[in-house]
There are 2 protein chains.
Amino acid sequence: MSQQPDSNAVKHYLLTLQETIAQRLGAVDGEATFITDAWDRPEGGGGISRVLTDGAVFEKGGVNFSHVMGDTMPPSATAHRPHLAGAPWQAMGVSLVIHPHNPMVPTSHANVRFFIATPKDAEPVYWFGGGYDLTPYYGFDEDCVHWHQTARNACQPFGDEVYPRFKHWCDEYFYLKHRNEPRGIGGLFFDDHNTGDFGRDFGLMQAVGSSYIEAYEPIVQRRKHLPYTDQQRDFQLYRRGRYVEFNLVYDRGTLFGLQSGGRTESILMSLPPLVRWDYNRSAAPGSEESRLTEYFLTDRDWLELNHEQ
Amino acid sequence: MSQQPDSNAVKHYLLTLQETIAQRLGAVDGEATFITDAWDRPEGGGGISRVLTDGAVFEKGGVNFSHVMGDTMPPSATAHRPHLAGAPWQAMGVSLVIHPHNPMVPTSHANVRFFIATPKDAEPVYWFGGGYDLTPYYGFDEDCVHWHQTARNACQPFGDEVYPRFKHWCDEYFYLKHRNEPRGIGGLFFDDHNTGDFGRDFGLMQAVGSSYIEAYEPIVQRRKHLPYTDQQRDFQLYRRGRYVEFNLVYDRGTLFGLQSGGRTESILMSLPPLVRWDYNRSAAPGSEESRLTEYFLTDRDWLELNHEQ
């Protein structure tokens, strides 16, 4: 593959990824149909939202593609890169969040993104970002191990250090400081990725993007028919509050999107369909609910666990 | 009253206000009991949270008192007031949010607060802040007029210009930019209030604090027995999402509290008990639901309306 950044190739990959993931999720749900919503951004570009509600397995989910662009980089974006001031730019990505009905099935999130600026008198500047993370309500060791094993396998061709670095980054990023709690059991997160080898960098983004569904689908298959009680459903709604708190208080993509006049309905598609907040709720010691925070929501090395088994 | 700032008098007023409001809310509910939760702040001070859940009328509500203090002003708070650097300080206030079951009864919020710094070699510096605002799901003109009339009456002794100024400030503050929508029908908001006359400034805070329950209680009495449908309840849960979005994305008190290591459970007591988010939901033209945003959630002069009637 050419070393010259190829936006069209990235766009083609992202559109194919959106389609593939939507089809696979539709198949594992069995009843879900996606509504497709195309939207335009007045300043340039737009997106395609694929939204699922009230499936058999998935209560709400969305797989969004967006491709936005501008003639000149905004000053706020070039403070640390003055040579890009005034350059034309494009940003594109696929972003998804899936909220299942059954509290035994974890919520998952994935995102891959590409940015490129093309100054007149200099080489183009690009970077990739992305990752995926899992948020269980009732945890299962084998799900966490499978999730992280799939993530590590995807990163392996790009070097031994990639998975531990991106896992650590994910643990740091998806953290609710005011709760002193991670959002979930982590996965991968990376940003501003540019080694100078476009083909290799694009390959890494593809490896991450394409492995998401391999990481998530077997977990959904294993858990979607498990029985659950009203109390367990109630606990799920309560824990979904943490998801809302993270996305609205900390998530850079969400806040940047809302502040920069992004499409609100596509950005906030990540919020759960039904959520509860209870004052000072705490789980009984030794319960499955307290095990979630005490055992699963830690920065555990899940592949070390696999080794020990 | 002496012109010398009197923190003890303010504290006494705030504790009495908390008690009065909790009693009046308890009486209008009929079944609600408040749980009282006292907490300490490791760095100094603490608070008393009075929390109500699953009353006959109120689904969730809390009336919080807090009084926090420190030996030296943090540098971030003294950037614009360098003479306060290193001064001992105190902040105290009462803050409340009430979420009723019945979508015909609006949600209400009120807050009054006092800040004082006492530098060694200079006069103490103080300011007051506060206000109240109303968030209906199904609107009624007479409720909006009563709410604003009570607010205006409270401000009237302090000058004709006070109510319009605080109303405008409220409309500006409780605004969701990403929705292009106000949070509710407004009321009063003020901050950094210091005319140099402590007695008068404290009097204004008391007038605002004490009129809240006179503004809210008659509205609850009028609406609490109105029948409502499952669809109307569903709309209320959906609209509560806007409340969450405002509090987590914009509210300075919430964000400052979470970032500065405040007591999370007391701060997030403002969040509704049950909330839903639906993708791209819109109300039918001409429906009561579309009337909420098109007629009620505007920066209307409700007292002008009263005049016309």
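See the structure printed just above.
Model, not experiment: these values are computed from the prediction. (Residues numbered from 1 in each chain as written. Chains lettered and ligands numbered in written order. Predicted model: local features only at pLDDT ≥ 70, side-chain atom pairs only at ≥ 80, totals over all residues. Heavy atoms only, no water.)

### With respect to the overall build of chain A
Alright, step 1. Helices and strands together make up the secondary structure of chain A, namely nine helices and 10 strands.
Alright, step 2. For 309 residues, the compact-globule estimate of 2.2 N^0.38 gives 19 Å, and chain A sits close to it at 20 Å.
Alright, step 3. Reported as C-alpha extents along the three principal axes, the dimensions of chain A are approximately 65 × 40 × 40 Å.
Alright, step 4. Relative to its 309 residues, chain A shows a buried fraction of 58%.
Alright, step 5. A separation threshold of at least 6 residues defines the contact pool for chain A, and within that pool the share at least 24 residues apart is 70%.
Alright, step 6. Surface exposure of chain A reaches about 13200 Å², of which carbon and sulfur atoms provide 51%.
Alright, step 7. Computed over 28 positive and 40 negative side-chain charges, the inter-centroid distance for chain A is 2 Å. (Helix = DSSP H or I, 4+ residues; strand = E, 2+ residues; numbered from the N terminus. Rg over C-alpha atoms; globule rule 2.2 N^0.38 Å. Buried < 20%, exposed > 50% of the residue type's maximum accessible area, 1.4 Å probe, protein only. Contact = heavy atoms within 4.5 Å. Areas by Shrake-Rupley, 256 points an atom, 1.4 Å probe, with all protein chains shown as cover. Lys, Arg positive; Asp, Glu negative; His and termini not counted. Charge placed at Lys NZ, Arg CZ, Asp CG, Glu CD.)

### As for the relation of the copies chain A and chain B
Copy one and copy two of the chain differ by a rotation about an axis and a translation along that axis.
Alright, step 1. Superposing chain A onto chain B takes a rotation of 180° plus a shift of 0.0 Å along the axis, which leaves an RMSD of 0.0 Å. Taken together, the turn and the small shift mark the pair as related by a two-fold rotation axis. In terms of proximity to the rotation axis, the leading residue of chain A is A:Val275, whose C-alpha is 2.6 Å off the axis. (Least-squares fit on C-alpha atoms with pLDDT ≥ 70 in both.)

### Observations concerning unusual backbone geometry
Alright, step 1. The backbone phi angle of A:Asp192 is positive, close to 50°, even though this residue is not glycine.
Alright, step 2. Its location among the elements puts A:Asp192 in strand S9 (residues 186–193).
Alright, step 3. For A:Asp192, a relative accessible area of 47% puts it in the partly exposed group.
Alright, step 4. You will see that B:Asn280, though not glycine, has its phi angle at about 50°, which is positive.
Alright, step 5. A residue is classified by how much of its surface remains accessible, and B:Asn280, at 36% relative accessible area, is partly exposed.

### Points about the packing of aromatic side chains
Alright, step 1. For the structure shown, the criterion picks out 60 aromatic pairs over all chains.
Alright, step 2. The interplanar angle of 40° and the centroid separation of 5.8 Å between the aromatic rings of B:Phe128 and B:Phe198 together place this pair among those described as tilted. Of this pair, B:Phe128 sits in strand S6 (residues 125–135) while B:Phe198 sits in helix H4 (residues 198–223), placing them 70 residues apart in sequence. The residues B:Phe128 and B:Phe198 share a single accessibility class, namely buried.
Alright, step 3. A connected cluster of aromatic rings, assembled from ring pairs, spans A:Phe166, A:Trp169, A:Tyr173, A:Phe174, A:Phe189, A:Phe190, A:Phe246 and A:Tyr250. (Phe/Tyr/Trp six-rings, centres within 6.5 Å; stacked < 30°, edge-to-face > 60°.)

### Some points on the sheet that holds strand S5 (residues 107–117) of chain B
Residue and element names in this part refer to chain B.
Alright, step 1. Strand order in the open sheet made by the seven strands is S1-S2-S3-S4-S5-S6-S9, with antiparallel pairing throughout. Each edge of the open sheet is held by one strand with a lone partner, namely strand S1 (34–40) and strand S9 (186–193). Between one strand axis and the next, the sheet turns through 5° on average, direction left out of account.
Alright, step 2. Pairing analysis gives 11 bridges linking S5 to S6, with the strands arranged antiparallel. Across the sheet, Ala 110 pairs through a bridge with Tyr 132, a residue of S6.
Alright, step 3. Where helix H1 (residues 7–29) meets the sheet, its contacts fall on S1, strand S2 (45–53), strand S3 (58–70), strand S4 (89–100), S5 and S6, and the angle it forms with S3 comes to roughly 170°.
Alright, step 4. Contacting S3, S4, S5, S6 and S9, H4 runs over the sheet at an angle of about 15° to S6. (Pairing = 2+ DSSP bridges. Axes fitted to C-alpha atoms, helices over the stretch in contact; angles between N-to-C directions.)

### Quick word on helix H6 (residues 252–259) of chain A
One turn of an α-helix holds 3.6 residues; hence residues three or four places apart share an orientation.
Alright, step 1. All of the buried residues along H6(A) are A:Thr254, A:Leu255, A:Gly257 and A:Leu258. Projected onto a plane normal to the axis of H6(A), the buried residues spread over an arc of 160° and lie on a single side. For H6(A), the exposed residues lying more than 90 degrees away from the buried face are A:Phe256 and A:Gln259.
Alright, step 2. Elements that come into contact with the buried residues of H6(A) comprise helix H5 (230–249) and helix H7 (264–267) of chain A together with helix H5 (230–249) of chain B.
Alright, step 3. Looking at the residues trailing H6(A), positive phi occurs at A:Gly261, about 75°. (Arc of directions from axis to C-beta.)

### Considering the pattern of salt bridges
Side-chain pairs of opposite charge can arise whenever the charged atoms involved come near each other.
Alright, step 1. If you walk through the whole model with that rule in mind, you get 44 salt bridges over all chains.
Alright, step 2. Across the salt bridge formed by B:Asp191 and B:Arg113, the nearest N and O atoms sit 3.5 Å from each other. Of the two residues, B:Asp191 is situated in strand S9 and B:Arg113 in strand S5; the sequence distance between them amounts to 78 residues.
Alright, step 3. With a relative accessible area of 19%, B:Asp191 lands in the buried category.
Alright, step 4. The class of B:Arg113 is partly exposed, set by a relative accessible area of 23%.
Alright, step 5. Between B:Asp278 and B:Arg276 there is a salt bridge, with its nearest N and O atoms 2.7 Å apart. When sorted by exposure, B:Asp278 lands in the same class as B:Arg276, which is buried.
Alright, step 6. Through salt bridges that share partners, A:Glu142, A:Asp143, A:Arg222 and A:Arg223 make up one connected network. (Salt bridge = Lys/Arg side-chain N within 4 Å of Asp/Glu carboxyl O.)

### A look at the packing of H5(B) against helix H8 (residues 288–296) of chain B
Residues and elements named next belong to chain B.
Alright, step 1. Axis separation between H5 and H8 bottoms out at 11 Å; the angle between their running directions is 35°. On the side of H5, the interface is formed by Gln 232, Phe 235 and Arg 239, while H8 contributes Glu 289, Leu 292 and Thr 293.
Alright, step 2. Partitioning the contact of H5 with H8 into residue classes produces two nonpolar, two polar and two charged. (Nonpolar A, V, L, I, M, F, W, Y, C, P; charged D, E, K, R; others polar.)

### What about the interface of chain A and chain B?
Alright, step 1. Taken together, the contact pairs 30 residues of chain A with 30 residues of chain B.
Alright, step 2. When the two sides are added together, the surface that chain A and chain B hide from each other amounts to roughly 2600 Å², 60% of it contributed by carbon and sulfur.
Alright, step 3. Interface area lost by chain A to chain B is led by A:Glu265, A:Trp277 and A:Tyr279, which between them contribute 31%.
Alright, step 4. The tally of links from chain A across to chain B stands at two salt bridges. (Buried area = accessible area lost by both parts, 1.4 Å probe.)

### Brief notes about helix H3 (residues 162–173) of chain B
Residues and elements named next belong to chain B.
Alright, step 1. Spanning 12 residues, H3 covers 16 Å between terminal C-alpha atoms, matching the ideal 16 Å at 1.5 Å per step.
Alright, step 2. Taken as a whole, H3 has its buried residues at Val 162, Tyr 163, Phe 166, Lys 167, Cys 170, Asp 171 and Tyr 173. Considered in projection along H3, the buried side chains sweep an arc of 170° and stay on one side of the axis. (Expected span 1.5 Å × (residues − 1).)

### Looking at the environment of B:Thr16
Residues and elements named next belong to chain B.
Alright, step 1. Along the chain, the position of Thr 16 falls in helix H1.
Alright, step 2. According to the relative accessible area criterion, Thr 16 is partly exposed, its value standing at 39%.
Alright, step 3. For Thr 16 and Ser 210, which are 194 residues apart along the polypeptide, the C-alpha to C-alpha distance reads 10.0 Å.

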